[in-house]
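Reading the structure
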Amino acid sequence: MARRCEYGRAMRNTGAQDETGGTGTVQSVDRAVSILEFLAQHGTLGVTALAKELGVHKSTASRLVAALERRGLVEQVEERGQYRIGVGILRLAGATSARLDLVQQARPICRELAADTGDTVNLVTLDGSAALYIDQIAGASTLSSYNWVGQRIPLHATSNGKILLSELTPAEVSRLTGELTAYTDRTLTSAGAFGRELDEVRKNGFAVARDELDLGLTALAAPIRNAHGEIVASVSVSGPTFRMNERHLAELAPRVRTAAAAISMRLGLMPTREVPTA
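Described below are features of the structure shown in this document. (Residues numbered from 1 in each chain as written. Predicted model: local features only at pLDDT ≥ 70, side-chain atom pairs only at ≥ 80, totals over all residues. Heavy atoms only, no water.)

Looking now at the packing of helix H3 (residues 47-54) against helix H4 (residues 58-70). Axes are the key here: two packed helices are described by the angle between their axes and the distance separating the axes. As a packed pair, H3 and H4 sit with axes 8 Å apart at the nearest point and diverge in direction by 110°. Regarding the angle of H3 to H4, the classification is roughly perpendicular. Where H3 abuts H4, its residues Val-47, Thr-48, Leu-50, Ala-51 and Leu-54 lie against Lys-58, Ala-61, Ser-62, Leu-64 and Val-65. When the residues that make up the contact of H3 with H4 are grouped by side-chain class, the tally is seven nonpolar, two polar and one charged. (Axes fitted to C-alpha atoms, helices over the stretch in contact; angles between N-to-C directions. Helix = DSSP H or I, 4+ residues; strand = E, 2+ residues; numbered from the N terminus. Parallel < 35°, antiparallel > 145°, perpendicular 65-115°, else oblique. Contact = heavy atoms within 4.5 Å. Nonpolar A, V, L, I, M, F, W, Y, C, P; charged D, E, K, R; others polar.)

Next comes the structure, spelled out in structure tokens:
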């Protein structure tokens, strides 16, 4: 677990070296967010009014608005100089809404799976170059009460990550995984070996990671698909390796696949639809 916590801290800190790059940057971000809040409250405002609300010079407000406009977060309305919330906000809100909807649709099935197996059930999505825990249900046999929701984990060393990578092109897999870091002596660090592992995942319809991220931890995951048959998430059952032996994994595989299929149907996948195999 210590290794996973160390990885989590590293993932959270990636690209964050500028976090203490001066109060000016932080102040600008704060003011930009304030502009969005003012526009959400008032509907439309001009640069002069925004400058007054912020207590800054008009030129400062203009630069902030221009930056937000380039990102599509605000847009100019017909009246010259008036701005409103842009459609870019919908894109950001939509990403959050999709995850919340996935959790809502999956949770009853995940609870059933946890109750049926006694193991911990995790719901995971792709988040940049990592897998992100978005929900977790502890089973009756769970030994640890640690909540992994919100944590990012490596793709190549986890069953969920393998599922999320399984139908991407080799170039996409390489871009997302980069150097295959070894977390234990069981982690796959060869691109060739990992490619063959993904072939097996596609063939079997599930993925297993045994002691690959943390010694003593084993998990089995299956894909969750949207209405178009695309993998949008994974659901997994995890537990201590001593309990997750070959017999137990053989019993878990059809249960996890059935749960994943049930969640997929709740997301709009037709039960008779053929899903991609390569």
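Next up on the list: H3. Considered for burial, the residues of H3 that qualify are Val-47, Leu-50, Ala-51 and Leu-54. Relative to the axis of H3, the buried residues are bounded by an arc of 100° and lie together on one face. Along H3, exposed side chains directed more than 90 degrees from the buried face belong to Thr-48 and Lys-52. Just past H3, the residue Gly-55 takes up positive phi, approximately 75°. (Buried < 20%, exposed > 50% of the residue type's maximum accessible area, 1.4 Å probe, protein only. Arc of directions from axis to C-beta.)

What follows concerns the pattern of salt bridges. Per the counting criterion, the structure on display carries twelve salt bridges. Among the salt bridges present, the one from Arg-202 reaches Asp-199, with a minimum N-O distance of 2.2 Å. Highlighted residues: Arg-202 and Asp-199, both in helix H8 (residues 191-204), separated by three residues, approximately one helical turn. Judged by relative accessible area, which is 24%, Arg-202 ranks as partly exposed. Residues joined by salt bridges that share partners form a network here, namely Lys-162, Glu-197 and Glu-212. (Salt bridge = Lys/Arg side-chain N within 4 Å of Asp/Glu carboxyl O.)

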